[in-house]
Amino acid sequence: MKFRPRSAALLAGLTLVTTIAGAAPASAIIGGTESTQPYPFMASLQYDSPRPDGHRCGAVLIDPEWVVTAGHCANTPTGATAGVPRGWQVRVGSPDAASGGELAEVDRFYRRHNSYNPAGEDIALLHLSEPVQAEPVRLAGTTPAVGTPVRLLGWGATSSDCFSDYTDPTCYPSELREADTEIVPLDRCFDDDGHTLPLCVGQADPAVGAGNMDSGGPALVREGDGWALAGTVIGPGIRGADLPVMYTDVAKNADWIGGIVSGTDVPPLSPIPNVEGVATVGSCHGSVVRTATARPEDPALALTNGHCLPSGRPAPGTAVVDQPSDLANPVTINDSAGYPLTSARATRLEYATMTGTDIALYRLDKTYGQLAAEGAKVFELSTAPMRAGDEFLLGIRSSRPECTVGAVVPHLREAGYQQDGAVRYAPGDTCASRPGHSGAALLSPDGNTVVGINNTSNRAGERCTEGNPCEVDRDGTVTAVRGRSYGQQVHRITDCLTEGSRVDLSRADCALTGATTHR
């Protein structure tokens, strides 16, 4: 299942290993023991793992060139459903996730759905760059009935209480675990919503079932004298408990699997949007920006929201100026496909405020010239305000939706803060400020200039409260509309920057909060 923090939503919890963070093992799989026999078809999918053994998700060899896993385990930065991954590999046929067996590169993947919704179709096929010698497992011919004995395998959490320390071998063992349980009635996991339905596997008392980071692992049934793959781990159901666990029904997905493996019905590769230059600044989105007059030898500046400061938000009416950086991790800059290209450390927090606008500027330990030599995208800072009707691109990690300024709001208020001249996005699902999008750049249509910065949205329709910004017109009229999204102006920044990427609030044209001289 996916790794995730305990506070994550239930469905995101037990099974996912791709977009969430979280869990661990001691008798694991939960309620299991160390495997007693070899399983040559069992595989560990490994990429971007927080664990020292590299394990991310379970996977199962079904052909010398193909493994099956959970759909949510096959994630790329842009969310492709079919594509060419980078750095993915599977270790096949070893009970030790860190060594032994055969290590094979994944050169292509096909995912039936982007997530575990609809349930029962959370499945992905991974193609190996070279065939392996291990013996595959056959697919179950039919859906197993309730009460059918099943064997579970995995390297995931040994307990539903394991969520933090991936280096703890009692919680996340490198040795393969197994457990025997059975298929249980679906209503213990899931409500029938008309979609392809999953299997429900395991029990709550005593606890037996898949744990965190077991996503994609198998439920095996006996067919003749050998094992057959009946299902792969999705994650916890909607019943509010960690166990039992939903599994994709392999038999119900057999036609999809067969069409790809045989080459008779192979989906086209997903188009990859150009998301070049998206940066990660702390826990937020961001971008590396420069003025038109910046020199190659000047330290680069990273831009994000003021409310993203790890050290805490600037108080209303104030600004933080020239302080030690509060970022624990480097600022990373992505390539056009969304993968990290390079990184730089923030040496200073040059400026941050949430009054007038919502911005933070960090000075980096690399110059613009160094980043250019490394191929990193650096954006120019706009000197012109955004206007109603302006078109722009929202620079998030997974895509670059096209947007329009629906209106410029005289004042935007939220939880004691006020920003002036905020931009409201024109309605539409493709352009919205969602959780996790804080600090994303608003880009000119050519993708080269930062014209604004993504900021907030009204989530519940409340007036001027946290997460529910309200608009204040020039005559004092207050309006709050659920679902409206907003960005902030950045054109005032350039008037406050001097040589060497320094903020000087005493400059004659500087009008940011804290400026000593105003235009």
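Provided above is the structure to which this section pertains.
Note that the structure is predicted; figures quoted are calculated from it, not measured.

Draft legend 1. Structural context of the overall build of the protein. A tally of regular secondary structure across the protein gives three helices and 36 strands. The C-alpha atoms of the protein give 25 Å as radius of gyration, which agrees with the globular expectation for 519 residues (24 Å, within 12%). Its C-alpha atoms put the protein at 85 × 50 × 45 Å along the principal axes. For the protein, the residues scored as buried account for 55% of the 519 residues in total. Partitioning the contacts of the protein with sequence separation of at least 6, the portion at a separation of at least 24 is 68%. With an accessible surface of roughly 20100 Å², the protein has 48% of that area assigned to carbon and sulfur atoms. Each charge class in the protein can be summarised by its mean position, and for the 40 positive and 59 negative side chains these summaries are 6 Å apart.

Draft legend 2. Just the pairing of strand β29 (residues 417-425), in detail. Counting buried positions along β29 yields seven of nine residues, so the element is predominantly enclosed. Examined bridge by bridge, strand β28 (residues 402-414) and β29 share eight bridges and lie antiparallel to one another. From the neighbouring strand, Arg413 faces β29, where its bridge partner is Gln418. Here β28 folds back onto β29 in antiparallel fashion, the turn holding two residues, of which Ala415 has a positive phi close to 50°.

Draft legend 3. Region of interest: the environment of Gly282. Within the secondary structure, Gly282 sits in the loop between β18 (279-281) and β19 (284-290). By relative accessible area, Gly282 is classed as partly exposed at 39%. For the pair Gly282 and Asn329, spaced 47 residues apart in the sequence, the C-alpha separation amounts to 6.7 Å.

Draft legend 4. Expanded view of empty space enclosed by the protein. Scanning the entire structure with this criterion turns up two cavities of 30 Å³ or more. Lining the second largest cavity we find Thr357, Ile359, Gln489, Val490, His491, Arg492, Ile493 and Leu512. The residue makeup of the lining of the second largest cavity, split by class, is four nonpolar, three polar and one charged.

Draft legend 5. A look at the pattern of salt bridges. Overall, the coordinates contain 16 salt bridges when judged by the stated rule. Between Asp107 and Arg108 there is a salt bridge, and its shortest N-O distance comes to 4.0 Å. Taking the shortest distance from any N to any O, the salt bridge between Arg295 and Glu499 comes out at 3.6 Å. Here Arg295 is found in the loop between β19 and β20 (299-304), whereas its partner Glu499 is found in the loop between β35 (497-498) and β36 (502-503), with 204 residues between them in sequence. Members of the salt-bridge network, linked through shared partners, are Asp322, Arg348, Glu350, Arg363 and Arg502.

Draft legend 6. Representation of the pairing of strand β31 (residues 449-457). Within β31, eight of the nine residues are buried, which leaves it mostly tucked inside the rest of the structure. When strand β26 (residues 379-381) meets β31, the two strands line up parallel, connected through two bridges. The residue bridging Leu381 from the neighbouring strand is Val450, located in β31. Two elements, strand β30 (residues 441-443) and β31, share three bridges in a ladder whose sense is antiparallel. If you follow Leu443 over to β31, its bridge partner there is Val450.

Definitions and cut-offs
Residues numbered from 1 in each chain as written. Predicted model: local features only at pLDDT ≥ 70, side-chain atom pairs only at ≥ 80, totals over all residues. Heavy atoms only, no water. Helix = DSSP H or I, 4+ residues; strand = E, 2+ residues; numbered from the N terminus. Rg over C-alpha atoms; globule rule 2.2 N^0.38 Å. Buried < 20%, exposed > 50% of the residue type's maximum accessible area, 1.4 Å probe, protein only. Contact = heavy atoms within 4.5 Å. Areas by Shrake-Rupley, 256 points an atom, 1.4 Å probe, with all protein chains shown as cover. Lys, Arg positive; Asp, Glu negative; His and termini not counted. Charge placed at Lys NZ, Arg CZ, Asp CG, Glu CD. Pairing = 2+ DSSP bridges. 1 Å grid on protein atoms, 1.4 Å probe; cavity = no way out; pocket = protein on both sides within 12 Å on 5 of 7 lines; lining within 4 Å. Points joined across faces, edges and corners; volume = space filled by probe spheres on them. Nonpolar A, V, L, I, M, F, W, Y, C, P; charged D, E, K, R; others polar. Salt bridge = Lys/Arg side-chain N within 4 Å of Asp/Glu carboxyl O.

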